[in-house]
Amino acid sequence: EAGVTQSPTHLIKTRGQQATLRCSPISGHTSVYWYQQALGLGLQFLLWYDEGEERNRGNFPPRFSGRQFPNYSSELNVNALELEDSALYLCASSKGTVYGYTFGSGTRLTVV
Amino acid sequence: GDSVTQMEGPVTLSEEAFLTINCTYTATGYPSLFWYVQYPGEGLQLLLKATKADDKGSNKGFEATYRKETTSFHLEKGSVQVSDSAVYFCALFYVGNNDMRFGAGTRLTVKP
C-alpha cells in the first residue's frame, strides 16, 4: 500500500510569492489534514478536508487556503509569502480518527 | 478545549537505559490517545494507540497505558537504543472539531 505522498520535497520562494504544496492520501482515505511545523516547535493544525469540503481550519490567516479534488488529493496554497512561513508542512490522511493519522514526509518551504 | 501536555525535553539517555516520557491530557468524554515518532528529516509515524481506558498500546518495545484516573498516557521503553533517537509526540483525538491535538513534542537523544 502506497503511503501519503507529498510534493515537492523542498520549495524555495521569495517573500511575496505564492507557494503550492500537494498531497496524495492513502487509497481509500477520504480525509486530508494539513499541519505546519516551524523549526523547534510542535505541530500547528492548518486545514481539514473531507469528501471535497473544507471541514475545519486552524488559527491561520486567509492567505493559507487549499482544496481537495474528487480523487481526494489535496493542495495547500500560501499567498503573499512571509519569512515566518518557512516551515515543514505535513499532510496526513485518515479513514477514521480512531485509527490515527498517516503522515507524509512533508514539504520543507523556505521563504527568502 | 481538549489538549495534551508532554514533559519538556530534551531527554538524553545512555543506550539500554529505561525511558519514560510523561503525557497528560485534558478532555471531555473519552478521547483516543496516540504516540507518534518523528525521525530526523521525516514526517510523523504512528507508534502506538489506545482507544479506551485501561487499554495498553505497544509497538517496537514501547508501551503506553490509557489511565483515566490520572488522565495520563505515559510512554515507556525498558531498554532504549541509539536508533530510538527522535522526537516523540503525544496526541489525542479532539471530538469537538474532529482534529488531532498534538503535544509540543519531546526530543530524545540516546548515546552509545
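Below is a summary of the structure that appears in this document. This one's a predicted model, so the numbers in the text were calculated from it and none came from an experiment. (Residues numbered from 1 in each chain as written. Chains lettered and ligands numbered in written order. Predicted model: local features only at pLDDT ≥ 70, side-chain atom pairs only at ≥ 80, totals over all residues. Heavy atoms only, no water.)

## Some words on unusual backbone geometry
For step 1, the next point in the chain: Cis geometry marks the peptide bond from Ser7(A) to Pro8(A); its omega dihedral reads -10°.
For step 2, the next point in the chain: Here Pro8(A) lies in the loop between strand E1 (5-7) and strand E2 (10-13).
For step 3, the next point in the chain: A cis amide bond links Gly9(B) to the next residue, Pro10(B), at an omega of -5°.
For step 4, the next point in the chain: Structurally, Pro10(B) is set in the loop between strand E1 (3-6) and strand E2 (11-14). (Helix = DSSP H or I, 4+ residues; strand = E, 2+ residues; numbered from the N terminus.)

## Points about the sheet that holds strand E7 (residues 56-59) of chain B
All names here are of chain B.
For step 1, the next point in the chain: Strand order across the open sheet formed by four strands is E3-E9-E8-E7, with antiparallel pairing between neighbours. Looking along the sheet, the strands with just one partner apiece sit at the ends: strand E3 (19-21) and E7. If you compare each strand with its neighbour and ignore which way they point, the axes differ by 15° on average.
For step 2, the next point in the chain: Across four bridges, E7 lies against strand E8 (residues 62-65) in antiparallel orientation. Considered in E8, the bridge of Ser58 is made with Glu63. (Pairing = 2+ DSSP bridges. Axes fitted to C-alpha atoms, helices over the stretch in contact; angles between N-to-C directions.)

## A few points about the sheet that holds strand E8 (residues 74-78) of chain A
All names here are of chain A.
For step 1, the next point in the chain: The four strands lie next to each other as E1-E3-E8-E7, forming an open sheet whose pairing is antiparallel. One side of each edge strand has no neighbouring strand; the edge strands of this open sheet are E1 and strand E7 (64-68). Going from strand to strand, the sheet's axes swing by 15° on average, the running direction of each strand aside.

## Side note on the pairing of strand E4 (residues 31-37) of chain A
Residues and elements named next belong to chain A.
For step 1, the next point in the chain: Taking burial as the measure, the seven residues of E4 include seven buried ones, the bulk of the element.
For step 2, the next point in the chain: Neither face of E4 is open: one carries Ser31, Tyr33, Tyr35 and Gln37, the other Val32, Trp34 and Gln36, and all of them are buried.
For step 3, the next point in the chain: Bridge analysis of E4 against strand E5 (residues 43-50) gives seven bridges, and the strand direction is antiparallel. Directly across from Tyr33, in E5, lies its bridge partner Trp48.
For step 4, the next point in the chain: As defined by bridge partners, E4 adjoins strand E9 (residues 87-94) across seven bridges and the pair is classed as antiparallel. Among the inter-strand pairings, Ser31 is bridged to a residue of E9, identified as Ser94. (Buried < 20%, exposed > 50% of the residue type's maximum accessible area, 1.4 Å probe, protein only.)

## Considerations on the side chain of Ser85(B)
Residues and elements named next belong to chain B.
For step 1, the next point in the chain: Within the element layout of this structure, Ser85 appears in the loop between strand E9 (75-77) and strand E10 (86-94).
For step 2, the next point in the chain: At a separation of 2.9 Å, a polar atom in the side chain of Ser85 contacts the main-chain amide nitrogen of Val110.
For step 3, the next point in the chain: Residues contacting Ser85, with those up to four places away along its chain left out, are Tyr39, Pro40, Leu108, Thr109 and Val110. (Polar contact = N/O pair within 3.5 Å; in protein donor to acceptor, adjacent residues only side chain to side chain. Contact = heavy atoms within 4.5 Å.)

## What to know about the nonpolar core
For step 1, the next point in the chain: Trp35(B), Leu47(B), Leu48(B), Phe73(B), Leu75(B) and Tyr88(B) are the most contacted members of the largest nonpolar core, which has 26 residues in total.
For step 2, the next point in the chain: Those elements that place two or more of their residues in this core are E2, E3, strand E4 (23-26), strand E5 (33-38), strand E6 (44-50), E8, E10 and strand E12 (106-111) of chain B.
For step 3, the next point in the chain: Per-element accounting of this core gives the leading share, four residues, to E10(B).
For step 4, the next point in the chain: Leaving out residues up to four positions away in the same chain, Phe73(B) has contacts with Cys23(B), Leu33(B), Phe34(B), Trp35(B), Leu48(B), Lys49(B), Ala50(B), Ala64(B), Thr65(B), Tyr66(B) and Cys90(B).
For step 5, the next point in the chain: If you look at the next biggest cluster of nonpolar residues, it comprises 21 residues, including Ile26(A), Leu46(A), Leu76(A) and Cys91(A). (Core = buried A, V, L, I, M, F, W, Y, C linked by side-chain atoms within 4.5 Å.)

## A word on the interface of chain B and chain A
For step 1, the next point in the chain: At the interface, 18 residues of chain B touch 18 residues of chain A.
For step 2, the next point in the chain: Together, the buried faces of chain B and chain A total about 1400 Å²; carbon and sulfur atoms form 57% of this surface.
For step 3, the next point in the chain: Area buried by chain B at its contact with chain A is led by Leu44(B), Asn98(B) and Phe102(B), which between them contribute 29% of it.
For step 4, the next point in the chain: In this structure, the connection of chain B to chain A is made through four residue pairs in polar contact (both at pLDDT 80 or more).
For step 5, the next point in the chain: Taken together, the elements giving at least two residues each to the side of chain B that touches chain A come down to E5, E6, E10 and strand E11 (99-102) of chain B.
For step 6, the next point in the chain: Looking at side-chain class alone, the side of chain B that touches chain A contains nine nonpolar, six polar and three charged residues. (Buried area = accessible area lost by both parts, 1.4 Å probe. Nonpolar A, V, L, I, M, F, W, Y, C, P; charged D, E, K, R; others polar.)

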